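Overview (structure and organization)
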Amino acid sequence: MYFTKEWTDSLLLPDGSVVSSNAGLDRYLRDNDLSLSQDYSEAWLQQRRRHNEKVQREELFSDFIHNYKRSIWK
């Protein structure tokens with residue numbers, strides 16, 4: 001749990017934005033699908049792999065349906 005007090009120094013993030021609190025840093029990490037190095041537990045990595053596999057399956061299924069429709073209507 002973080003304190004919501006603002007930091008005395010701000011951080012410049014790679015996208016050019018500036019954060020001055022833990023809440024801002026957490027928001028940036030969440031929006032960019034990142035995590036702190038201490039959060040890379042085995043459970044987190046496994047969850048990440050499952051998410052990536054799910055996204056890949058959805059993309060493959062979408063491609064399959066698209067190609068199937070093309071083959072029917074041509």
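The model shown is predicted, which means the values in this text are computed figures rather than measured ones. (Residues numbered from 1 in each chain as written. Predicted model: local features only at pLDDT ≥ 70, side-chain atom pairs only at ≥ 80, totals over all residues. Heavy atoms only, no water.)

Let us now look at the overall build of the chain. Within the chain, the regular secondary structure consists of two helices and two strands. Put simply, the chain runs from its N terminus to its C terminus through helices and strands in the order β-β-α-α. If you line up the chain on its principal axes, its C-alpha atoms span 65 × 30 × 20 Å. By the burial criterion, 14% of the 74 residues in the chain qualify as buried. (Helix = DSSP H or I, 4+ residues; strand = E, 2+ residues; numbered from the N terminus. Buried < 20%, exposed > 50% of the residue type's maximum accessible area, 1.4 Å probe, protein only.)

Moving on: the packing of aromatic side chains. Inspection of every chain in the model, using the stated rule, returns two aromatic pairs. Among the aromatic residues, those joined into a cluster by ring pairs are Phe61, Phe64 and Tyr68. (Phe/Tyr/Trp six-rings, centres within 6.5 Å; stacked < 30°, edge-to-face > 60°.)

Counting residues in each nonpolar core, the largest one holds five residues, listed as Leu13, Val19, Leu25, Tyr28 and Leu29. Looking at this core, the element that brings in the most residues is helix α1 (residues 22-31), giving three residues. In this structure Leu13 touches Val19, Leu25 and Tyr28, once residues within four positions along its chain are discounted. (Core = buried A, V, L, I, M, F, W, Y, C linked by side-chain atoms within 4.5 Å. Contact = heavy atoms within 4.5 Å.)

Right, let's get into the environment of Asp33. Here Asp33 lies in the loop between α1 and α2 (42-73). In this structure, the C-alpha to C-alpha distance between Asp33 and Arg48, residues 15 residues apart in sequence, is 9.9 Å.

What follows covers the environment of Trp44. Summarising the element assignment, Trp44 is placed in helix α2. The sequence separation of Trp44 and Ile65 amounts to 21 residues, and the corresponding C-alpha distance is 32 Å. Excluding residues within four positions of it along the chain, Trp44 makes contact with Ser35 and Asp39.

For side chains of opposite charge, pairing can occur when their charged atoms come near one another. For the coordinates displayed, the defined rule picks out one salt bridge. The partner of Glu42 in a salt bridge is Arg49, with the nearest N and O atoms 4.0 Å apart. (Salt bridge = Lys/Arg side-chain N within 4 Å of Asp/Glu carboxyl O.)

Here we take up α1. Along α1, the positions that sit buried rather than exposed are Asn22, Gly24, Leu25, Tyr28 and Leu29. Projected down its long axis, α1 carries its buried residues within an arc of 160°, all on one side. Looking at α1, the residues exposed on the side facing more than 90 degrees away from the buried face are Arg30 and Asp31. Positioned one or two residues after α1, Asp33 has a phi angle of 55°, which is positive. (Arc of directions from axis to C-beta.)

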